[in-house]
Amino acid sequence: MTDPTRIDLTINGISHTLHVEPRVTLLDALRENLGLTGTKKGCDHGQCGACTIHVDGERMLACLMLAVQADGRAITTIEGLAAADGTPHPVQQAFLEEDAFQCGYCTPGQIMSAVSCIAEGHAGSDDEIREYMSGNLCRCGAYPHIVAAVRKAAEAETDRAQEAA
Amino acid sequence: MTIIEPTTKRGDASDGAMVRGTLGSIHVRADGPAKIRGEATYALEHRIDGLLHCVLVQSTIGAGRVVSIDRSATEASPGVRLVLDAFNAAQVKWIPDYWGNAPAKDYDTPFPTEITFNGQAIAAVVADTPEQAREAAARLAVVYEEAPVRATFDAEDTQTRPVDMMAKDWGDPDAALAEAPVVVDAAYETPREYHMALEPHGLIAHWEDDDRLTLYESTQWIDGTANWFAQQFEIPFENIRVVSPYVGGGFGSKGFVLPHSIVAVMAARQLRRPVKLALQRSQHFTAFGARPATRQSLKIGATEDGRIVAIDHQGTNETAVDKAFVEQLGSVTALLYAVPNFRSRQSIAPVHTVLPGAFRAPGKTPSAVGIECAIDELAGKLGIDPLELRRRNEADHDFDSGLPWSSRRLMACYDTGAAAFGWSGRPLEPRSMRDGHQLIGWGMAVGTHPVISSPGEARVRILSDGTVEVLSSAIDMGTGTYTILAQTAADVLGVPVEMVDVKLGDSTLGHAPVAGGSQLANLMVGAVYKTAVAAREELIALGLTDPNSPLRDQANTLTLSEGRIGTPRGATMSIAQLMAATGRSEIDVTRDTLPDGERPPEERLKYFTSMAGMEGGVRGEVSRHSFCAHFVEVRVDEDFGTVRVSRVVTAVDAGRLYNPKLADSQFKGGIIMGIGMALLEEGVTDPRNGRMLNANFADYLVATNADVPEIDIHSVGEPDYDATPLGGKAVGELAIVGMAPAIANAVYHATGKRVRRLPITMENLL
């Protein structure tokens, strides 16, 4: 059980080879082994959403996934969300403008969930945003501003899509 | 948030630049860019070579004794470096805690063998990886001798102890109540509530030498933490560096040094390796204390036209069996209304629990539940609108201290909040409004928080490139310290905010008192203002008098604006140009806001490492408080008893807001925590063994996004220079106070059912 296993992960477009024990969670592999601490540990039990990342484009809780389960898969973390030139992702920018956080600890998970919430087509109304963002706890109570940020980013996304069409 | 401009100015202690400048205006959070990119480094995320991982082991009995611990299987477990328990750990020095409780012994290990609560730290395991440490910790074989447990103050054998210093008396409440035509007599309860900051408690302890310690720790108080470890491990204060640039939520839980931190520091010293200890989420309910369960009884007597004649109040909170913590349940009771006859008594009930601690607006939050629900009951009994009843009893001064308010715009809160909410259309009778199967209710309540103040210190550097650094060991836990200090310095020095770099959260950067009691913003803007003014004077003197200054002898004084210095009507140059011309590499100024007078360095330090300099709401000849009025709509499903908060309007009087957007965030955060308190949060304890039954986020419910409606905040405050130097009052803890009773009152209005024990859940309403 504790013999290290070799795994290959593509994280934010960069390939990493790791030797991890099978019991190591993807979250701990990111934070402790790779030093990618933007993904946060809040509860380690899949109850708070702070560790939300994207695996093959889907939002996942990194604390509920073993690192070996992610072998060969493409992972995006908060560190990989901005454009190559450093321009923040529109959702990141909206969080900044709407003051959608205070202490900032749940923020990476909120932003990763928000990107998915919009991509999944669940940002159609404030009530829908609230529902689909409720897997991410924020003890500072930034929820109203998170809703505003998601709404803003979703509307901008719609505008861009219409311009492109 | 809507800002209601005050109709009167109360005088101005600052110079013109401050009034016109960026302080007081919206500016994006200075620490925001790092936080949205995942680049903000929290305590457990610092990269230290050779790091080992420590796991805390807690007792599984609620009372009794640890007889023995068999460490052998743990020590033989792969990767294990050290196992510490009461039988092999070193003894360290113990000092009285922050609440004044003396230690049982002068020297002891951090692992008591006498167990006084379930979840007490009894051992620690250090290993190469977190997985190895967790596995090994599970192999520890502990033999206990169990004793009977008094799990909560609901136990039959509970005894209470009066806390005499909390007693308040004036007038003759017994006589007034005997004669009062209308009396409300009711009791209210609040359960154990927990901070649950999203960032886990934890630290990295790194002994860089035998007597040099660096701590990367999530703390609300750098200097207090360093001072505690200096005393406990008997090394000089200067030899301890505490690093905490970002704090992932505190709410009172990270103010003081906690047992698990002592364990990690001890393990690191013994192993001569850096040690990381992170509490597991379940341990956050017992490794340190939160808000204790409380009970209050209130008698309010009034005339038939709704004039309060007397209040008689009694409050009790749980505490640990061996230490006292007082949740000050009379703290709001005495402040809200004109009460000619008053009595308040407080007692504590020792039970087998971790010593409770300070949790957002300690005392004030449960205190408001009592008085603000009781006033609503009185309004019902009198047949008077609850807002009108409050107006009739507005306190024109602080009846507790007898002093005038520094400012109290509660009546403006009533006017503005009621108008925005549409309160005037509210039917008096409960159960009068419905929408299909939903019963609709409107309730309100008042909150207040004292303006607490301590001296501060700041360092301001003007660098050769014209940029400015502000340095302090103060912290920012999402409260906006980085941002408002940049705004303060920018205004004084006439530079854009973007040219000010604020460095916080490191003991090498200076000294600061605790970020608690909603005091830090006011005291730090005051300290930075004073320091920046001194730096500005030095810069102007440089321009006027330096032999190489192009501005020399050009005018009597120089002005600073948009990063340039010059004569009022003449040539200007950039600060960088002046620094270059005069060959100065920097201007570096440190100032403090301590009381005037000479004092030795160790005396000076006490202002930052203890509560020595802290002043409460009453200071000098005034009583300083923030106020707010919450207006709430709830919808209660008639069939299922589910309660949803559907609308919140809150009007606040928190004086001058240094950055309205960030203050708005904090007000909303307090309100949302209040929604949790009213409807969701409750620590449940097994009466047999004192074990917490819901020590996780799935069972201890905090408000989620879907629990929270739109929240409309209106600020009616005006600068209060009698409260603080730059006119602000208490912000961070204000808005949780009064929110839970506002919801309880709305639930009554919706259903006609008065629930006097929080949280209000569906079984109360069916």
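Before reading on, note that the structure itself is shown above.
The following refers to the structure shown. (Residues numbered from 1 in each chain as written. Chains lettered and ligands numbered in written order. Predicted model: local features only at pLDDT ≥ 70, side-chain atom pairs only at ≥ 80, totals over all residues.)

Turning to the overall build of chain B, a few remarks are in order. Helices and strands together make up the secondary structure of chain B, namely 17 helices and 33 strands. For a compact globule of 766 residues, the expected C-alpha radius of gyration is about 27 Å, and chain B comes in at 27 Å, within 12% of that figure. Counting only C-alpha atoms, chain B reaches 80 × 75 × 50 Å along its principal axes. Every one of the 766 residues in chain B was classed for burial, and the buried ones make up 59%. For chain B, long-range pairs separated by at least 24 residues make up 81% of all intrachain contacts whose partners lie at least 6 apart in sequence. (Helix = DSSP H or I, 4+ residues; strand = E, 2+ residues; numbered from the N terminus. Rg over C-alpha atoms; globule rule 2.2 N^0.38 Å. Buried ≥ 20, exposed ≤ 12 C-beta atoms within 10 Å, placed from the backbone. Contact = placed C-beta atoms within 7 Å.)

Right, let's get into the packing of helix 2 (residues 90–97) of chain A against helix 3 (residues 107–119) of chain A. Residues and elements named next belong to chain A. Helix 3 packs onto helix 2 with a crossing angle of 125 degrees between their chain directions and a minimal axis gap of 9 Å. Comparing their axes, helix 3 and helix 2 come out oblique. The two elements helix 2 and helix 3 meet at a crossing, and its hand is right-handed. When helix 2 is examined against helix 3, the residues Val-91, Gln-92 and Phe-95 are found in contact with a partner set consisting of Thr-107, Ile-111, Ala-114 and Val-115. Residue composition of the contact of helix 2 with helix 3, by class: five nonpolar, two polar and no charged. (Axes fitted to C-alpha atoms, helices over the stretch in contact; angles between N-to-C directions. Parallel < 35°, antiparallel > 145°, perpendicular 65-115°, else oblique. Left-handed = near helix turned anticlockwise from the far one by under 90°. Nonpolar A, V, L, I, M, F, W, Y, C, P; charged D, E, K, R; others polar.)

Take the interface of chain A and chain B next. Taken together, the contact pairs 50 residues of chain A with 48 residues of chain B. Contributing elements (two or more residues each) for the side of chain A that touches chain B: helix 1 (26–33), helix 2, helix 3, helix 4 (126–132) and helix 5 (143–164) of chain A. For the side of chain A that touches chain B, the element with the most residues is helix 5 of chain A, which contributes five residues. Taken together, the residues of the side of chain A that touches chain B sort by class into 23 nonpolar, 15 polar and 12 charged.

Here we take up the sheet that holds strand 26 (residues 564–566) of chain B. Whenever strands of a sheet pair, they do so through backbone hydrogen bonds, lying parallel or antiparallel. Residues and elements named next belong to chain B. Across the sheet, three strands lie side by side as 25-26-27; this open sheet has antiparallel pairing. Only two strands of the sheet have a single partner each, and these edge strands are strand 25 (559–561) and strand 27 (572–574). The sheet shows a mean angle of 30 degrees between the axes of neighbouring strands, taken without regard to direction. Inspection of the sheet shows strand 25 paired to strand 26 by three bridges, in the antiparallel sense. Bridged to Thr-559 within strand 26 is Gly-566. (Pairing = 2+ DSSP bridges.)

Residues and elements named next belong to chain B. Tracing the backbone shows Gln-283 in the loop between strand 16 (275–278) and strand 17 (294–302). Given 20 C-beta atoms within a 10 Å radius, Gln-283 is considered buried. Linking Gln-283 and Ala-698, residues 415 residues apart in sequence, is a C-alpha distance of 15 Å. Beyond its immediate stretch of four places on either side in the chain, Gln-283 contacts Leu-56 and Gln-58.

Moving on, we come to the pairing of strand 8 (residues 121–127) of chain B. Residue and element names in this part refer to chain B. Counting buried positions over the seven residues of strand 8 gives seven, a clear majority of the element. Across six bridges, the pairing between strand 2 (residues 52–58) and strand 8 is antiparallel. Opposite Val-55, over in strand 8, you have Val-125 as the bridge partner. The pairing of strand 4 (residues 80–85) with strand 8 spans five bridges and is antiparallel. Directly across from Val-83, in strand 8, lies its bridge partner Val-125.

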